[in-house]
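# A structural walkthrough
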Amino acid sequence: MKTFSTVPEGPEKSEEIHCPVCGGADFKKKWDCGGFSFSLCRSCRLILQNPQPLFEALDKRYDEEYFRYERENDRIFFNLMIKGLSDIGFDSLYPESGVERNFLDIGCATGFLVWHMQNKGWSSRGVEICGPAAEWGIRERRIDIRIGTVEQACFADESFDVVHCSHLIEHLNDPASFLDEVYRILKPGGRFICTTPNASGLQARFFKSRWRSAIGDHMFLFSIETLSRLLVGKSFTIEKVKTWGGLGKGYGPAYLKVFLDRMAKKLNFGDVMIISSRKS
Ligand SMILES: [Zn+2]
(Lines give C-alpha, C1' and ligand atoms only; values in the text may rest on other atoms or scores of the structure.)
Protein backbone atom coordinates (compact mmCIF):
# COMPACT_ATOMS: atom_id res chain seq x y z
CA MET A 1 0.00 0.00 0.00
CA LYS A 2 1.21 3.47 -0.84
CA THR A 3 2.22 5.61 2.12
CA PHE A 4 1.09 9.20 1.90
CA SER A 5 3.98 11.62 1.66
CA THR A 6 3.92 15.36 1.23
CA VAL A 7 6.47 17.12 -0.90
CA PRO A 8 6.64 20.55 0.73
CA GLU A 9 6.71 23.60 -1.51
CA GLY A 10 9.77 25.70 -0.77
CA PRO A 11 12.02 25.55 2.30
CA GLU A 12 10.60 24.83 5.75
CA LYS A 13 11.96 26.01 9.09
CA SER A 14 13.82 23.21 10.81
CA GLU A 15 15.74 22.63 14.03
CA GLU A 16 18.17 20.16 15.56
CA ILE A 17 16.88 18.14 18.49
CA HIS A 18 18.22 15.87 21.20
CA CYS A 19 17.25 12.21 21.10
CA PRO A 20 13.81 11.88 22.79
CA VAL A 21 14.57 8.31 23.86
CA CYS A 22 17.97 8.66 25.59
CA GLY A 23 18.61 12.42 25.63
CA GLY A 24 21.77 11.94 23.53
CA ALA A 25 23.11 14.47 21.04
CA ASP A 26 25.50 12.29 19.05
CA PHE A 27 24.09 11.25 15.69
CA LYS A 28 25.43 9.84 12.46
CA LYS A 29 23.87 9.97 9.01
CA LYS A 30 22.03 6.73 8.25
CA TRP A 31 19.93 7.08 5.09
CA ASP A 32 20.00 9.79 2.44
CA CYS A 33 16.52 9.92 0.92
CA GLY A 34 17.09 12.84 -1.48
CA GLY A 35 15.87 16.17 -0.08
CA PHE A 36 15.83 14.83 3.48
CA SER A 37 17.71 12.20 5.45
CA PHE A 38 17.53 9.98 8.51
CA SER A 39 20.14 9.88 11.25
CA LEU A 40 20.93 7.30 13.89
CA CYS A 41 21.36 8.08 17.58
CA ARG A 42 24.73 6.51 18.42
CA SER A 43 23.64 5.81 21.95
CA CYS A 44 20.18 4.19 21.69
CA ARG A 45 20.00 3.58 17.90
CA LEU A 46 16.80 5.56 17.35
CA ILE A 47 16.35 6.54 13.69
CA LEU A 48 15.17 10.12 13.20
CA GLN A 49 15.23 13.17 10.96
CA ASN A 50 17.63 15.63 12.55
CA PRO A 51 17.37 18.54 11.91
CA GLN A 52 13.64 18.20 11.42
CA PRO A 53 10.88 20.56 10.25
CA LEU A 54 9.11 22.56 12.96
CA PHE A 55 5.49 21.86 13.92
CA GLU A 56 4.24 25.00 12.13
CA ALA A 57 5.61 23.56 8.88
CA LEU A 58 4.34 20.02 9.50
CA ASP A 59 0.88 21.30 10.44
CA LYS A 60 0.46 22.76 6.93
CA ARG A 61 1.11 19.37 5.33
CA TYR A 62 -2.18 17.92 6.57
CA ASP A 63 -4.41 19.68 4.07
CA GLU A 64 -7.18 18.89 1.53
CA GLU A 65 -4.91 16.51 -0.34
CA TYR A 66 -4.22 14.56 2.86
CA PHE A 67 -7.97 14.47 3.55
CA ARG A 68 -8.63 12.97 0.09
CA TYR A 69 -5.98 10.28 0.75
CA GLU A 70 -7.54 9.45 4.14
CA ARG A 71 -11.06 9.42 2.68
CA GLU A 72 -10.09 7.14 -0.21
CA ASN A 73 -8.36 4.67 2.11
CA ASP A 74 -10.45 4.88 5.25
CA ARG A 75 -11.98 1.40 5.00
CA ILE A 76 -8.56 -0.19 4.31
CA PHE A 77 -7.00 1.66 7.26
CA PHE A 78 -9.97 0.76 9.49
CA ASN A 79 -9.67 -2.94 8.62
CA LEU A 80 -5.94 -2.84 9.42
CA MET A 81 -6.62 -1.17 12.78
CA ILE A 82 -9.21 -3.82 13.65
CA LYS A 83 -6.71 -6.56 12.74
CA GLY A 84 -4.07 -4.91 14.93
CA LEU A 85 -6.48 -4.65 17.86
CA SER A 86 -7.43 -8.28 17.35
CA ASP A 87 -3.72 -9.27 17.43
CA ILE A 88 -3.37 -7.83 20.93
CA GLY A 89 -6.64 -9.47 22.04
CA PHE A 90 -8.57 -6.22 22.50
CA ASP A 91 -12.04 -7.80 22.63
CA SER A 92 -11.02 -10.24 25.34
CA LEU A 93 -9.44 -7.41 27.37
CA TYR A 94 -12.72 -5.51 27.19
CA PRO A 95 -15.65 -7.96 27.07
CA GLU A 96 -19.09 -6.34 26.93
CA SER A 97 -20.01 -5.43 30.50
CA GLY A 98 -22.51 -2.58 30.41
CA VAL A 99 -19.98 -0.37 32.24
CA GLU A 100 -19.31 2.94 30.47
CA ARG A 101 -15.77 3.10 29.11
CA ASN A 102 -13.94 5.94 27.42
CA PHE A 103 -11.96 5.54 24.21
CA LEU A 104 -9.80 8.14 22.47
CA ASP A 105 -8.31 7.78 18.99
CA ILE A 106 -5.55 10.34 18.39
CA GLY A 107 -4.95 11.06 14.70
CA CYS A 108 -8.39 9.61 13.95
CA ALA A 109 -8.61 11.07 10.38
CA THR A 110 -12.27 10.74 9.31
CA GLY A 111 -13.10 8.90 12.52
CA PHE A 112 -13.98 5.40 11.28
CA LEU A 113 -12.61 3.75 14.44
CA VAL A 114 -14.21 6.38 16.72
CA TRP A 115 -17.57 5.66 15.05
CA HIS A 116 -17.04 1.88 15.35
CA MET A 117 -16.20 2.08 19.07
CA GLN A 118 -19.21 4.32 19.68
CA ASN A 119 -21.41 1.67 18.04
CA LYS A 120 -19.88 -0.92 20.36
CA GLY A 121 -21.11 1.10 23.34
CA TRP A 122 -17.96 3.01 24.22
CA SER A 123 -17.97 6.72 24.95
CA SER A 124 -15.68 7.46 22.04
CA ARG A 125 -13.80 10.56 20.92
CA GLY A 126 -11.17 11.48 18.36
CA VAL A 127 -8.48 14.09 17.82
CA GLU A 128 -7.34 15.08 14.34
CA ILE A 129 -5.02 17.78 13.06
CA CYS A 130 -6.38 17.76 9.49
CA GLY A 131 -9.39 20.10 9.64
CA PRO A 132 -11.21 18.85 6.50
CA ALA A 133 -10.93 15.18 7.62
CA ALA A 134 -12.21 15.96 11.13
CA GLU A 135 -15.06 18.14 9.83
CA TRP A 136 -16.14 15.36 7.46
CA GLY A 137 -16.21 12.85 10.35
CA ILE A 138 -18.14 15.20 12.64
CA ARG A 139 -20.71 15.92 9.93
CA GLU A 140 -21.13 12.51 8.28
CA ARG A 141 -20.51 10.17 11.20
CA ARG A 142 -21.92 12.42 13.94
CA ILE A 143 -18.97 11.75 16.25
CA ASP A 144 -16.93 13.87 18.64
CA ILE A 145 -13.64 14.89 17.00
CA ARG A 146 -11.47 17.70 18.37
CA ILE A 147 -9.55 19.51 15.64
CA GLY A 148 -5.88 20.07 16.51
CA THR A 149 -3.38 18.20 18.66
CA VAL A 150 -4.16 16.15 21.77
CA GLU A 151 -2.47 18.83 23.88
CA GLN A 152 -4.76 21.47 22.35
CA ALA A 153 -7.83 19.33 23.18
CA CYS A 154 -7.11 19.90 26.92
CA PHE A 155 -8.79 16.74 28.20
CA ALA A 156 -9.14 16.42 31.97
CA ASP A 157 -6.75 14.19 33.95
CA GLU A 158 -7.63 10.47 33.93
CA SER A 159 -10.34 10.76 31.25
CA PHE A 160 -9.81 7.58 29.23
CA ASP A 161 -9.70 3.81 29.67
CA VAL A 162 -7.99 3.43 26.30
CA VAL A 163 -5.95 5.84 24.20
CA HIS A 164 -5.20 4.55 20.71
CA CYS A 165 -3.09 5.95 17.91
CA SER A 166 -2.23 4.38 14.59
CA HIS A 167 0.52 5.73 12.32
CA LEU A 168 0.70 8.94 14.33
CA ILE A 169 3.66 8.90 16.73
CA GLU A 170 6.23 8.76 13.90
CA HIS A 171 4.87 12.08 12.55
CA LEU A 172 5.33 14.07 15.79
CA ASN A 173 8.17 16.45 16.66
CA ASP A 174 8.10 15.59 20.33
CA PRO A 175 6.93 12.03 21.04
CA ALA A 176 8.23 12.24 24.64
CA SER A 177 5.89 15.14 25.55
CA PHE A 178 3.12 13.41 23.63
CA LEU A 179 3.50 10.36 25.89
CA ASP A 180 3.42 12.60 28.99
CA GLU A 181 0.07 13.94 27.78
CA VAL A 182 -1.28 10.44 27.00
CA TYR A 183 -0.21 9.31 30.49
CA ARG A 184 -1.95 12.29 32.10
CA ILE A 185 -5.29 11.71 30.37
CA LEU A 186 -5.34 7.92 30.92
CA LYS A 187 -7.11 6.51 33.96
CA PRO A 188 -4.85 4.52 36.33
CA GLY A 189 -4.42 1.09 34.72
CA GLY A 190 -5.63 2.49 31.38
CA ARG A 191 -4.12 1.25 28.14
CA PHE A 192 -2.16 3.07 25.47
CA ILE A 193 -2.21 1.21 22.15
CA CYS A 194 0.21 2.46 19.55
CA THR A 195 0.79 1.30 15.96
CA THR A 196 3.79 2.53 13.97
CA PRO A 197 6.25 1.30 11.30
CA ASN A 198 8.82 -1.13 12.71
CA ALA A 199 12.39 -0.05 11.99
CA SER A 200 13.62 -3.40 13.35
CA GLY A 201 11.50 -5.26 10.79
CA LEU A 202 12.74 -7.19 7.77
CA GLN A 203 11.68 -4.61 5.17
CA ALA A 204 13.42 -1.70 6.92
CA ARG A 205 16.64 -3.70 7.16
CA PHE A 206 16.42 -4.81 3.53
CA PHE A 207 15.21 -1.65 1.74
CA LYS A 208 17.02 0.91 3.97
CA SER A 209 16.55 4.43 2.44
CA ARG A 210 14.04 2.93 -0.02
CA TRP A 211 11.90 1.49 2.78
CA ARG A 212 8.29 2.65 2.21
CA SER A 213 8.23 4.22 5.67
CA ALA A 214 11.44 6.24 5.13
CA ILE A 215 9.42 9.25 3.95
CA GLY A 216 9.66 12.96 4.62
CA ASP A 217 6.55 13.03 6.81
CA HIS A 218 8.06 10.62 9.34
CA MET A 219 10.20 12.39 11.95
CA PHE A 220 11.01 9.12 13.79
CA LEU A 221 11.32 5.50 12.76
CA PHE A 222 11.07 3.47 15.95
CA SER A 223 12.22 -0.09 16.47
CA ILE A 224 10.53 -2.33 19.03
CA GLU A 225 13.45 -1.55 21.36
CA THR A 226 13.48 2.26 20.99
CA LEU A 227 9.70 2.67 21.32
CA SER A 228 9.59 0.29 24.30
CA ARG A 229 12.41 2.23 25.99
CA LEU A 230 10.59 5.53 25.43
CA LEU A 231 7.35 4.11 26.88
CA VAL A 232 9.04 2.56 29.91
CA GLY A 233 10.90 5.86 30.49
CA LYS A 234 7.48 7.52 30.71
CA SER A 235 6.27 4.99 33.31
CA PHE A 236 4.21 2.81 30.97
CA THR A 237 4.37 -0.95 31.42
CA ILE A 238 4.69 -2.84 28.15
CA GLU A 239 2.01 -5.48 27.89
CA LYS A 240 2.12 -6.86 24.35
CA VAL A 241 4.11 -6.34 21.17
CA LYS A 242 2.94 -7.73 17.84
CA THR A 243 4.13 -7.08 14.31
CA TRP A 244 2.83 -7.93 10.86
CA GLY A 245 3.81 -7.68 7.17
CA GLY A 246 6.79 -9.81 6.07
CA LEU A 247 6.95 -8.80 2.43
CA GLY A 248 5.28 -5.89 0.59
CA LYS A 249 2.75 -6.67 -2.14
CA GLY A 250 4.43 -7.06 -5.53
CA TYR A 251 7.96 -7.59 -4.13
CA GLY A 252 8.07 -11.33 -4.74
CA PRO A 253 6.00 -14.41 -5.54
CA ALA A 254 2.76 -14.91 -3.62
CA TYR A 255 3.98 -18.07 -1.83
CA LEU A 256 7.00 -16.15 -0.46
CA LYS A 257 4.76 -13.35 0.77
CA VAL A 258 2.44 -15.84 2.54
CA PHE A 259 5.45 -17.55 4.15
CA LEU A 260 7.21 -14.33 5.23
CA ASP A 261 3.97 -12.74 6.49
CA ARG A 262 3.40 -15.80 8.67
CA MET A 263 6.99 -15.83 9.94
CA ALA A 264 6.95 -12.07 10.57
CA LYS A 265 3.96 -12.47 12.86
CA LYS A 266 5.54 -15.40 14.67
CA LEU A 267 9.05 -13.95 15.09
CA ASN A 268 8.10 -10.25 15.34
CA PHE A 269 10.09 -8.97 12.36
CA GLY A 270 7.00 -7.53 10.61
CA ASP A 271 6.91 -4.16 8.87
CA VAL A 272 4.44 -2.57 11.29
CA MET A 273 4.21 -3.01 15.06
CA ILE A 274 1.49 -2.55 17.63
CA ILE A 275 2.46 -2.06 21.25
CA SER A 276 -0.06 -2.26 24.06
CA SER A 277 1.10 -0.63 27.28
CA ARG A 278 -0.51 0.34 30.61
CA LYS A 279 -0.39 3.30 32.89
CA SER A 280 1.20 1.77 35.95
ZN1 LIG B 1 19.12 8.06 21.67
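Residues numbered from 1 in each chain as written. Predicted model: local features only at pLDDT ≥ 70, side-chain atom pairs only at ≥ 80, totals over all residues. Heavy atoms only, no water.

Negative charge collects at one region of the surface, where D63, E64, E65 and E135 lie side by side. When you line up the elements, E64 lands in helix α2 (residues 64-87). Under the relative-accessibility criterion, E64 is labelled partly exposed at 44%. (Patch = residues over 30% accessible without salt bridge, like charges linked within 9 Å, V, L, I, M, F, W, Y side chains within 5 Å. Areas by Shrake-Rupley, 256 points an atom, 1.4 Å probe, with all protein chains shown as cover. Salt bridge = Lys/Arg side-chain N within 4 Å of Asp/Glu carboxyl O. Lys, Arg positive; Asp, Glu negative; His and termini not counted. Charge placed at Lys NZ, Arg CZ, Asp CG, Glu CD. Helix = DSSP H or I, 4+ residues; strand = E, 2+ residues; numbered from the N terminus. Buried < 20%, exposed > 50% of the residue type's maximum accessible area, 1.4 Å probe, protein only.)

The subject of this paragraph is a positive patch on the surface. Taken together, the side chains of K28, K30, R45, R205 and K208 present a region of like positive charge at the surface. You can see K28 is positioned in strand β2 (residues 27-32).

Protein-derived ligands of the zinc ion are C19 (SG), C22 (SG), C41 (SG) and C44 (SG), with the metal-ligand distances lying across 2.3 Å. For the zinc ion, the four donor atoms in the first shell make angles of 100 to 118 degrees at the metal, a pattern classed as tetrahedral. Each donor residue of the zinc ion lies on the same chain, and together they follow the pattern C-x2-C-x18-C-x2-C. On the basis of relative accessibility, which here comes to 12%, the residue C44 falls in the buried class. (Donors = N, O, S within 2.8 Å, 3.2 Å for Na, K, Ca; no water. Tetrahedral: all angles 85-135°; square planar, octahedral: opposite > 155°, others 65-115°.)

Moving on: the sheet that holds strand β7 (residues 123-128). Strand order in the open sheet made by the seven strands is β8-β7-β6-β9-β10-β13-β12, with mixed pairing throughout. Lying at the two open borders of the sheet, with one neighbouring strand each, are β8 (144-147) and β12 (236-244). Strand-to-strand, the axes of this sheet are offset by a mean angle of 15 degrees, without reference to chain direction. Pairing of β7 with β8 involves four bridges; the strand directions are parallel. (Pairing = 2+ DSSP bridges. Axes fitted to C-alpha atoms, helices over the stretch in contact; angles between N-to-C directions.)

In terms of burial, strand β3 (residues 37-41) is largely enclosed, as five of its five residues are buried. Both faces of β3 are covered, namely the face carrying S37, S39 and C41 and the face carrying F38 and L40. Of the pairings in the sheet, the one linking β2 to β3 comprises five bridges and is antiparallel in character. Looking at β3, one finds that W31 is bridged to F38. In this structure, the hairpin formed by β2 and β3 is closed by a connection of four residues, where G34 is found at a positive phi of approximately 75 degrees. Strand direction decides the pairing type here: β3 and strand β4 (residues 47-48), joined by two bridges, are antiparallel. Its bridge partner lying in β4, L40 is registered against I47. In sequence, β3 turns back onto β4 through a hairpin of five residues, with R45 there showing a positive phi of about 70 degrees.

Another aspect to go through is the side chain of E128. Checked against the element boundaries, E128 lands in strand β7. For the buried E128, no salt bridge is present, and the opposite-charge side chain at shortest range is R141, 10 Å distant. Side-chain polar atoms of E128 contact the backbone nitrogen of C130, separated by 2.8 Å. If we skip the residues at most four places from it in the chain, E128 touches Y66, G107, C108, A109, A133, A134, I145, R146, I147 and G148. (Polar contact = N/O pair within 3.5 Å; in protein donor to acceptor, adjacent residues only side chain to side chain. Contact = heavy atoms within 4.5 Å.)

Take the packing of aromatic side chains next. Throughout the structure, instances matching the rule amount to 17 aromatic pairs. With a centroid separation of 4.1 Å and 5 degrees between ring planes, the pair formed by F78 and F112 is classed as stacked. Remark: F112 occurs in helix α4 (residues 112-119) and F78 occurs in helix α2; sequence separation between them is 34 residues. We note that F78, like F112, is buried. Pairing F192 with F236 gives two aromatic rings, centres 5.8 Å apart and planes at 45 degrees, and the pair type is tilted. (Phe/Tyr/Trp six-rings, centres within 6.5 Å; stacked < 30°, edge-to-face > 60°.)

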